[in-house]
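Residue-level listing of the chains:
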Amino acid sequence: MKKSEAKQLLERAREMWDTQEWLRSAELYEQVLAHYPDEDLSAMWWYDAALAYKFLRNWAKAYELGRQAAARSPRGEQDPAFWNLGVAATIQRDWATARDAWEGFGIPMPEGEGEINGAFGAACVRLNTGGEREVVWIQRLCPTRGRVMNVPATKGRRFGEIVVHDGEPTGERTFNGQSVAVFDELLLFDSSSLPTLHVTVNATDASDIDALVASFFAEDFGAEPASSFHMLCACCSEGRVDWDETTVPTHGGSQSVWLAAPETEARRLLDDWATGDGRSWNGLELFG
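Here the residue numbering is sequential within each chain, running from 1 through the sequence in written order. Per-residue local features are limited, in this predicted model, to residues with pLDDT of at least 70; the limit for side-chain atom pairs, both in listing and counting, is 80 or more; totals at the level of whole chains, interfaces and linings are taken over all residues. With hydrogens and water set aside, each side-chain value is computed from the structure's full complement of heavy atoms.

Take the sheet that holds strand S6 (residues 196-203) next. Strands are labelled as partners when DSSP assigns at least two bridges between them. Going along the chain from the N terminus, every DSSP run of H or I of four or more residues is numbered as a helix, and every run of E of two or more is numbered as a strand. Strands sit in the order S7-S9-S6-S10 across an open sheet of four strands; the sheet is antiparallel. One side of each edge strand has no neighbouring strand; the edge strands of this open sheet are strand S7 (222-225) and strand S10 (280-286). The mean inter-strand angle of the sheet, taken between neighbouring strand axes irrespective of direction, is 25°. Where S7 and strand S9 (residues 253-260) come together, four bridges link them in antiparallel fashion. To get an axis, fit a line to the C-alpha atoms, keeping to the stretch in contact for a helix; angles then go from 0 to 180 degrees between the N-to-C directions.

The rule is short: rings of Phe, Tyr and Trp, with Trp giving its six-membered ring, pair when the centres are within 6.5 Å, and they are stacked under 30 degrees, edge-to-face over 60, tilted in between. The tally for this structure, following the rule as stated, stands at eight aromatic pairs. On the basis of an interplanar angle of 80° and a centroid distance of 4.9 Å, the ring pair of Trp-17 and Trp-22 is categorised as edge-to-face. Residues Trp-95 and Phe-189 carry aromatic rings whose centres are separated by 6.1 Å and whose planes lie at 75° to one another, so their mutual orientation is edge-to-face. With Trp-95 in helix H6 (residues 95-105) and Phe-189 in strand S5 (residues 178-190), this pair connects stretches of sequence that are 94 residues apart. Exposure class is identical for Trp-95 and Phe-189. Each is buried. Here, a charge over a ring means that NZ of Lys or CZ of Arg falls within 6 Å of the ring centre while also lying within 35 degrees of the ring normal. Sitting above the plane of the Phe-189 ring, Arg-93 keeps its charged end 3.8 Å from the centroid. Between Lys-155 and the ring centre of Phe-287, over which it is positioned, the NZ or CZ distance is 5.8 Å. Burial classes: relative accessible area under 20% of the type maximum marks a residue as buried, over 50% as exposed, and values in between as partly exposed (1.4 Å probe, protein chains only).

Looking now at helix H4 (residues 59-71). Structurally, the α-helix is built with 3.6 residues per turn, so residues lying three or four positions apart point the same way. Counted at 1.5 Å a residue, the expected span for H4 with its 13 residues is 18 Å, and the 18 Å between its end C-alpha atoms agrees. Of the surrounding elements, those touching the buried residues of H4 are helix H2 (22-33), helix H3 (42-55), helix H5 (80-91), H6 and S5. By this rule, a helix spans an expected 1.5 Å times one less than how many residues it contains. Whether two residues touch is decided by their heavy atoms; if any such pair falls within 4.5 Å, the residues are in contact.

This brings us to unusual backbone geometry. Backbone geometry places Gln-20, a non-glycine residue, at a positive phi of 60°. Position of Gln-20 relative to the elements: it lies in the loop between helix H1 (3-18) and H2. Even without glycine at this site, Arg-57 takes up a positive phi of about 60°. Turning to its location among the elements, Arg-57 is positioned in the loop between H3 and H4.

Right, dumping it as C-alpha cells:
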C-alpha cells in the first residue's frame, strides 16, 4: 500500500469516526495498520481502532488491538491505551495482561497472580438492563470491576453480582460528605446466587428496621427498605446528588423491604427479628 493511499484511508477512517460509524472506521484503520504498524502516529491509530471496537462491545477485537496500542504507548503516564486494555483484558479474563495494563497506566496492583480481588474503594454504577437505569453502590475489586452492595429493585439484577463498569464518570454521589463517581455498567461479569425477595414488615420505629437490615448484612446477605430508593430523572441522575442520614431515613410502620438471601434463611432471620416487641412480617415472595 502506497502512503498516498494510506493517507486517503486514514482520512476516511476519521470521517467514519466523526459520524460514529465505528465498525467501518476500525476496519479502515486496520487496513492501514496492516502495512504501517509502527509509524510515528501508529499508536494513535491502534488506539482509535481498539476504542471503536470497545464502543461496539466487541471485546475480543478491543483486546487484540488494545494490546498493540499499549505496546506502543508510554508506561506510567496514565495513557488511556492501558486503561482500555485493562478493561478488555478483564472481560477476556486474561488476568496477567489486565494486571500489566493497570500497572502500565500507573495503578499499583495487589501482589499475586490471577484474578484481581483488591480493595479499591466504593463507587456507584448505573445498571442498564432492559431500559432500566438504576444506580447502585459497589465495592470495587479492581479499577473496572465491583461487587453490587445494594439489593437492586430492577428485576433480574441481584445483590452480590459483579459488574464491569466504564472509566468515564457519568454522575456523582455524596453520602455524609463522602463523594464517589457514578460509572455506566459495561456488562454483568459474574452473577449472584442470592435470589431477591420482597416482604412487608411492620415495626414500631426506625431502629427496628435498622436492626433488620443489620441482621441480614451480618450474614453477608442484603436488605433494602423501600425508603432507601429514590426516583430521579436522567438529568439529575447524571449530575451530582447529595445524601445524608437525614435525607434517607428509615422509619417505623408498615413498609416494603427487598431482601437478598435464600428463602429459608430469610424466613429464619425474619422470625428471629419478629421476636422483638411491635415487630411482624408477612407476604414473603420471590421478586423477579
